[in-house]
Amino acid sequence: MIEFIAQWGYLGLLVTSFIAGSVVPLSSEAIIVACVGPLHLDPWWCLIAATIGNVTGGMTCYWMGTLGNEQWIERYAHVSQEKLDRAKRFIRDRGAWMAFFAFIPILGTAISVALGYMRANKLIVVIAMTIGKALRYAVLIAAAMGTMKLF
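Every residue gets a number counted from 1 within its own chain, in the order that chain's sequence is written. Side-chain atom pairs in this predicted model are given and counted only at pLDDT of 80 or more, local residue features only at pLDDT of at least 70, and totals for whole chains, interfaces and linings cover all residues. For side-chain calculations, the full set of non-hydrogen atoms in the structure is used, while hydrogens and water are omitted.

Draft legend 1. Structural detail: the environment of glutamate 3. Segments assigned H or I by DSSP are reported as helices when at least four residues long, segments assigned E as strands when at least two residues long, and all are numbered from the N terminus. Of note, glutamate 3 is situated in helix α1 (residues 2–21). With 36 residues separating them in the primary sequence, glutamate 3 and leucine 39 have C-alpha atoms 9.9 Å apart.

Written out as structure tokens, the structure is:
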């Protein structure tokens, strides 16, 4: 994966972040740390590329939720009925702004799918998801560059 990004640069980061933001289990966090670390890519462009890719991937999960078929969601999005129900309960009283938490591993996909299933406001979903994912990447980049210590 790192060879792909080394060859394709920011476009490679965008593509892998898209894949990680969708239903494929892939660690975009490790990839972005490698980009600003050993690959020495510009941190601002990494933040932009990773955020755009991951939000777009998250919105594909939203779109899958809008299809409204829970059997398809379980089969193709790999979101169990239990996770979908839990995400719907989490979102029900809070609304589209819960897309902020779409960066959470495992549950993030379920949140995105549930937001689509519940037909949450797309614009608010995109804004909240972008804020959450960008903040997560900013913290990771700062930690990887040594400007902030997490522990």
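Draft legend 2. Geometry of the packing of helix α2 (residues 28–36) against helix α3 (residues 43–66). Fitted lines through C-alpha atoms give the axes, limited to the stretch in contact for helices. The angle between two N-to-C directions lies from 0 to 180 degrees. α3 packs onto α2 with a crossing angle of 160° between their chain directions and a minimal axis gap of 10 Å. As the angle between them shows, α2 and α3 are arranged roughly antiparallel. Helix-helix and strand crossings are classified by hand; for α2 and α3 the assignment is right-handed. Contacts between α2 and α3 involve Ser28, Ile32, Cys35 and Val36 from the first element and Pro43, Cys46, Leu47, Ala50 and Asn54 from the second. Under this grouping Gly is polar, as are all residues other than the nonpolar Ala, Val, Leu, Ile, Met, Phe, Trp, Tyr, Cys and Pro and the charged Asp, Glu, Lys and Arg. A class-by-class count of the residues in the contact of α2 with α3 yields seven nonpolar, two polar and no charged. Should an angle lie under 35 degrees it is considered roughly parallel, over 145 roughly antiparallel, and from 65 to 115 roughly perpendicular; all remaining angles are considered oblique. Each crossing is labelled by how the near helix is turned from the far one, with a counterclockwise turn of less than a right angle marking it left-handed and a clockwise turn marking it right-handed. For this analysis, residues touch if any pair of their heavy atoms sits within 4.5 Å.

Draft legend 3. Representation of the state of the cysteines in the model. To count as a disulfide, a pair of cysteine sulfur atoms needs to be within 2.5 Å. Throughout the structure, instances matching the rule amount to zero disulfides. No disulfide involves cysteine 35; its sulfur sits 4.8 Å from that of cysteine 46, the nearest cysteine. Only protein chains enter the accessibility calculation, which uses a 1.4 Å probe. A residue is then buried if its area is under 20% of the maximum for its type, exposed if over 50%, and partly exposed in between. The class of cysteine 35 is buried, set by a relative accessible area of 0%.

Draft legend 4. Here's a closer look at the side chain of threonine 66. Mapped onto the elements of the fold, threonine 66 is located in helix α3. What makes threonine 66 buried here is its relative accessible area of 18%. Here the side chain of threonine 66 touches tryptophan 63 through a polar contact of 2.5 Å, landing on its backbone oxygen. Other than its neighbours up to four places away in sequence, threonine 66 contacts Gly116, Tyr117 and Arg119. Pairs of N or O atoms within 3.5 Å make up the polar contacts considered here, provided that, within protein, one atom can donate a hydrogen while the other can accept it, and that residues adjacent in sequence are counted only when both atoms are side-chain atoms.

Draft legend 5. Summary view of the environment of alanine 87. With respect to the element layout, alanine 87 can be found in helix α5 (residues 81–92). The class for alanine 87 is buried, based on a relative accessible area of 0%. With 36 residues separating them in the primary sequence, alanine 87 and threonine 51 have C-alpha atoms 22 Å apart. Once residues within four sequence positions are removed from consideration, alanine 87 is found in contact with Ala110, Ile111 and Ala114.

Draft legend 6. Seen up close, the nonpolar core. We define the nonpolar core as a collection of buried residues of types Ala, Val, Leu, Ile, Met, Phe, Trp, Tyr and Cys that are connected through side-chain atoms lying within 4.5 Å of one another. Counting residues in each nonpolar core, the largest one holds 23 residues, and the members touching the most others are Leu115, Val125 and Met129. If you list the elements that add at least two residues to this core, you get α3, α5, α6 (107–117) and α7 (122–144). The biggest single contributor to this core is α6, with six residues. When neighbours within four sequence positions are excluded, methionine 129 is seen to be in contact with Val55, Gly58, Met59, Ala99, Phe100, Ala102 and Ser112. In this structure, Ile5, Leu47, Ala50 and Tyr137 belong to the second largest nonpolar core, which totals 14 residues.

Draft legend 7. Molecular detail of unusual backbone geometry. Look at histidine 40: it is not a glycine, yet its phi comes out positive at around 55°. One can find histidine 40 in the loop between α2 and α3. Relative accessible area serves as the criterion here: at 64%, histidine 40 is assigned to the exposed category. Look at arginine 119: it is not a glycine, yet its phi comes out positive at around 55°. Within the fold, arginine 119 resides in the loop between α6 and α7. Overall, arginine 119 belongs to the exposed group, its relative accessible area being 53%.

Such coordinate-based values are descriptive only and should not be taken to indicate function.
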